[in-house]
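# Coordinates in review
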Amino acid sequence: MPLLGDPSHREMVSTLQQIAKELDRPAAILVISAHWEAATASITAGSQPELIYDYYGFPDESYDIQYPCPGEPALATQVQAVLARHDIKASLESRRGFDHGLFVPLKIMYPQADIPCIQLSLLASLDPAAHIRLGMALAELEYENLLIVGSGFSFHNLKAFFTPANEQAQIGNTAFEDWLIETCSSHDLSEAQRTQRLEHWFDAPHARYCHPREEHLLPLLVCYGVAQAACRQYYRLHILNKQASMYLW
């Protein structure tokens, strides 16, 4: 929808474009996408992965989108090795392509598609602590100027996106966003407290309204695991008439 000019995604597009301008150009990009779950951590390892159009019922042009960025097999091997050092089993997937959790935001941020990319799966367990540990392992990667992107959504109740807004829904959306922004940005929290809150995100106000299933929140937890600090900047915006947020470390 953001690539097809949907008005309710304009703020998302402009924010991602602005973030890309503020960052140094990365040498490679590692994306943790909400749209790939595996029993064990899995990493794309092909040199030229194809795109996976993993969505249904959209206009024909959405299946003609191209993003011919190269893969980065050497980085994939390094990710596997650093995860292994932390006793996290990981497999290389040479045939898997890039899903829309990668090519949609990156086509907005880096439309030239000339930066090598790899993608890391979520764990099918959906265990929040395990995803923070994934990030802590990734923090030991020795790869200069690597951009790590957690591609998910801070609000992901699909039914609510297409249900007329009401006061109770707005209260729930806002309360969870306020909690998430405080959790990720507050310098009054210790890292132990921040970790505790994220590991128990489901205790946050209206958590299960905003995330009936948590796969779209978990990429954020991986990114926090890498940083282990309050975010440098956060962005509060509206997408599909719901409040959402992005975080930059």
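Summary of the structure given here. Only a predicted model underlies this, so the values are computations on that prediction, with no experimental measurement involved.

## Points about the packing of helix α6 (residues 167-185) against helix α7 (residues 191-199)
Where α6 meets α7, the axes come as close as 9 Å, and the angle between the chain directions of the two elements is 145 degrees. In the crossing of α6 with α7, the sense of the turn from one axis to the other is left-handed. From α6, Trp179, Leu180, Glu182, Thr183, Cys184 and Ser185 reach across to α7, where they touch Arg194, Arg197 and Leu198. Counted by class, the contact of α6 with α7 contains 4 nonpolar, 2 polar and 3 charged residues.

## A short note on helix α2 (residues 73-85)
Each α-helix turn comprises 3.6 residues. Residues three or four places apart therefore point the same way. When the terminal C-alpha atoms of α2 are compared, their 19 Å separation across 13 residues agrees well with the 18 Å that a helix rising 1.5 Å per residue should span. Just beyond α2, the residue with positive phi is Asp87, at close to 60 degrees.

## Regarding the packing of α2 against helix α4 (residues 128-138)
The relative placement of two packed helices comes down to the angle between their axes together with the axis-to-axis distance. For the pair α2 and α4, the least separation of the axes is 9 Å and the interaxial angle reads 115 degrees. Comparing the axis directions of α2 and α4 gives the class roughly perpendicular. Both α2 and α4 take part in a crossing whose hand is right-handed. Here Val79, Val82 and Leu83 of α2 lie close against α4, whose contacting residues are Leu134, Ala137 and Leu138. Here the residues of the contact of α2 with α4 sort into 6 nonpolar, no polar and no charged.

## A few points about the side chain of Arg194
Position of Arg194 among the secondary structure elements: in helix α7. Of the residues examined, Arg194 reaches a relative accessible area of 1% and is grouped as buried. There is a polar contact of 2.9 Å between the side chain of Arg194 and the backbone oxygen of Ser186. What Arg194 contacts, discounting residues up to four positions off in sequence, is Glu182, Thr183, Cys184, Ser185, Ser186, Leu189, Tyr224, Ala229 and Ala230.

## With respect to the pattern of salt bridges
Once their charged atoms are close, side chains differing in charge can pair, the charge on each being opposite to the other. Going through the model one piece at a time under the given rule, you end up with 8 salt bridges. Residue Glu191 pairs with Arg194 through a salt bridge whose shortest N-O separation is 2.9 Å. Of this pair, Glu191 and Arg194 are both found in helix α7, 3 residues apart, which corresponds to roughly one turn of the helix. Ionic contacts of the salt-bridge type, sharing partners, join the residues Glu37, Arg213 and Glu215 into one network.

## Examining α4
Along α4, 9 of the 11 residues are buried, which leaves the element largely enclosed by surrounding structure. Along α4, the positions that sit buried rather than exposed are Pro128, Ala129, Ala130, His131, Ile132, Leu134, Gly135, Ala137 and Leu138. Turning to α4, the residues buried within the fold contact β1 (28-38), β2 (41-44), α2, β4 (117-123), α7 and α9 (218-227). N-cap assignment for α4: the residue whose side-chain oxygen lies 3.2 Å from the backbone N of Ala129 is Asp127.

## Digging into the pairing of strand β7 (residues 242-248)
Burial analysis of β7 places 7 of its 7 residues in the buried class, which makes it a mostly covered element. Covered by surrounding structure in β7 are Lys242, Ala244, Met246 and Leu248 together with Gln243, Ser245 and Tyr247, the residues of both alternating faces. The sheet contact formed by strand β6 (residues 233-239) and β7 spans 7 bridges and is antiparallel. In the strand pairing of β7, Leu237 is matched with Ala244. Hairpin connection, β6 to β7: the antiparallel pair is bridged by 2 residues, and Leu240 has positive phi, about 50 degrees.

Rules used throughout
- Here the residue numbering is sequential within each chain, running from 1 through the sequence in written order.
- In view of the model being predicted, local features appear only for residues whose pLDDT reaches at least 70, and side-chain atom pairs are presented and counted only at 80 or more, with totals across whole chains, interfaces and linings using the full set of residues.
- Computation of side-chain values covers all heavy atoms of the structure but excludes hydrogens and water.
- Angular values range over 0 to 180 degrees, each being the angle between N-to-C directions of two axes fitted as lines to C-alpha atoms, with helices fitted over their stretch in contact.
- Helix numbers and strand numbers start at the N terminus; a helix is a DSSP run of H or I with at least 4 residues, a strand a run of E with at least 2.
- Crossing handedness follows the turn of the near helix against the far one: under a right angle anticlockwise gives a left-handed crossing, and clockwise gives a right-handed one.
- In this description, contact between two residues means that some pair of their heavy atoms is separated by no more than 4.5 Å.
- Residue polarity is assigned by list, with Asp, Glu, Lys and Arg as charged and Ala, Val, Leu, Ile, Met, Phe, Trp, Tyr, Cys and Pro as nonpolar; anything else, Gly included, falls into the polar class.
- What a helix is expected to span follows from its residue count: subtract one and scale by 1.5 Å.
- With respect to orientation, any angle under 35 degrees is reported as roughly parallel, any angle over 145 as roughly antiparallel, any angle of 65 to 115 as roughly perpendicular, and every other angle as oblique.
- Buried, partly exposed and exposed residues are distinguished by accessible area as a fraction of the type maximum, computed with a 1.4 Å probe on protein chains only: under 20%, between the cut-offs, and over 50%, respectively.
- Pairing of N or O atoms within 3.5 Å defines a polar contact, subject to two protein rules: one partner must be a possible hydrogen donor and the other a possible acceptor, and residues neighboring in sequence count only if both atoms are side-chain atoms.
- Note on definitions: salt bridges are taken to be side-chain nitrogens of Lys or Arg within 4 Å of carboxyl oxygens of Asp or Glu.
- Here a strand pair is declared whenever DSSP counts at least two bridges between the two strands.

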